[in-house]
Amino acid sequence: MSEARSQAVVDYPLPPQALRFMGEDDAKFQSIGDLCIRMLRQAMPLAAITGILDIGCGYGRLAHALLRDGGFSGAYYGVDILPRQIAWCQQALSPCGPYRFSHLDVHNARYNPSGHQRVQDLDFSAAPKVDVVTFYSVFTHLYEEDIRSYL
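A. View of the packing of helix 1 (residues 26–43) against helix 2 (residues 61–69). One way to put it is that helix 1 packs onto helix 2 with a least axis distance of 8 Å and a crossing angle of 75°. Taken as axis vectors, helix 1 and helix 2 run roughly perpendicular relative to one another. Counting all contacts with helix 1, which are made through Phe-29, Gln-30, Ile-32, Gly-33, Asp-34, Cys-36, Ile-37, Leu-40 and Arg-41, the residues of helix 2 involved are Arg-61, Leu-62, His-64, Ala-65, Leu-66, Arg-68 and Asp-69. Split by residue class, the contact of helix 1 with helix 2 holds eight nonpolar, three polar and five charged.

What follows is the structure, given as structure tokens:
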């Protein structure tokens, strides 16, 4: 059974094309976000989730989908190694709800070659309490050692 929307439909800001590295249009951005929501719902009802840590949140696909869906009222914490995308999410999506975004200056040869931090040294102890940790389309961009460190 699907959850009922708890808020009126609102047009939330969409990320600029210049920040989208998948070349997706608005409809594709939203449909992939909706798929992420359906996958979350397979694990538990959105209303039962008090907090989400979205590792590799990029330009806010999951956050945007959660806002549009309206069934999630918990705290959202998105992190990514892409500073421009995080800056946009902070400016455009944080004001829409209890949503926080942080840049991780983690070295990644492809996406953040000048990063100063190692995955092995990440510490999420200051993150809000979460029930769910997501890694949508993250592990495909990492080496096995880094995947193990994140887990």
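The discussion continues.
B. Quick look at the pattern of salt bridges. Scanning all chains against the criterion turns up seven salt bridges. Salt-bridge contacts for Arg-118 lead to Asp-121; the nearest nitrogen and oxygen are separated by 3.1 Å. For Lys-129, the salt bridge identified is with Asp-131, shortest N-O distance 3.7 Å.

C. Spatial organisation of helix 3 (residues 83–92). By the burial criterion, the buried members of helix 3 are Gln-85, Ile-86, Trp-88, Cys-89 and Ala-92. Along the axis of helix 3, the buried positions cluster into a sector of 160°, meaning they face one direction only. With respect to the buried face of helix 3, the exposed residues turned more than 90 degrees away are Arg-84 and Gln-91. Contacts made by the buried residues of helix 3 are with strand 2 (75–80) and strand 3 (99–103).

D. Summary view of the side chain of Gln-85. Counting through the fold element by element, Gln-85 comes out in helix 3. Since its relative accessible area comes to 8%, Gln-85 is described here as buried. In this structure Gln-85 touches Leu-19, Phe-21, Gly-58 and Tyr-59, once residues within four positions along its chain are discounted.

E. How the structure looks around the packing of aromatic side chains. Per the stated rule, a full pass over the model turns up six aromatic pairs. Here Phe-21 and Tyr-111 contribute two aromatic rings whose centre-to-centre distance is 6.2 Å and whose plane-to-plane angle is 50°, an arrangement assigned as tilted. Here the residue Phe-21 occupies a position in the segment before helix 1, and Tyr-111 occupies one in the loop between strand 3 and strand 4 (132–134), the gap between them amounting to 90 residues. By relative accessible area, Phe-21 is classed as partly exposed at 41%. Put simply, the rings of Phe-21, Phe-29, Tyr-59 and Tyr-111 pair up and form one aromatic cluster. One Lys or Arg, Arg-20, reaches over the ring of Phe-29 and ends 5.2 Å from the middle of that ring.

F. Focus on the pairing of strand 3. Across five bridges, strand 2 lies against strand 3 in parallel orientation. Residue pairing in the sheet places Tyr-77 in a bridge with Arg-100 of strand 3. What joins strand 2 to strand 3 is helix 3, and the crossover it makes is right-handed.

Conventions we followed
- Each chain carries its own residue numbering, running from 1 in the written order of its sequence.
- Confidence filtering applies because this is a predicted model: local features only for residues at pLDDT of at least 70, side-chain atom pairs given and counted only at 80 or more, and all residues used for totals across whole chains, interfaces and linings.
- Processing note: side-chain calculations cover all non-hydrogen atoms of the structure and skip hydrogens and water entirely.
- Inter-axis angles, ranging from 0 to 180 degrees, are taken between N-to-C directions of lines fitted to C-alpha atoms, where helices are fitted over the stretch in contact.
- Comment: elements are numbered from the N terminus, with helices defined as DSSP H or I runs of at least four residues and strands as E runs of at least two.
- The cut-offs work like this: below 35 degrees is roughly parallel, past 145 is roughly antiparallel, 65 to 115 is roughly perpendicular, and the gaps in between are oblique.
- Only heavy atoms enter the contact rule, under which two residues are in contact if any of them lie within 4.5 Å.
- When residues are grouped by polarity, Ala, Val, Leu, Ile, Met, Phe, Trp, Tyr, Cys and Pro land in nonpolar, Asp, Glu, Lys and Arg in charged, and all others, Gly among them, in polar.
- Salt bridge, as applied in this entry: a Lys or Arg side-chain nitrogen positioned within 4 Å of an Asp or Glu carboxyl oxygen.
- Here's how the labels work: a residue is buried when its accessible area is under 20% of the maximum for its type, exposed when over 50%, partly exposed in between, all with a 1.4 Å probe on protein chains only.
- Here the arc refers to the directions that run from the helix axis out to each C-beta atom.
- Under the pairing criterion, centres of Phe, Tyr and Trp rings, with the six-membered ring standing for Trp, must be within 6.5 Å; the plane angle then separates stacked pairs below 30 degrees from edge-to-face pairs above 60, leaving the rest tilted.
- Charge over a ring is defined by NZ of Lys or CZ of Arg lying within 6 Å of the ring centre and within 35 degrees of the ring normal.
- Two strands pair if DSSP finds at least two bridges between them.
- Look down the strands so they point away from you; if going from the first strand over the helix to the second traces a clockwise path, that crossover is right-handed.

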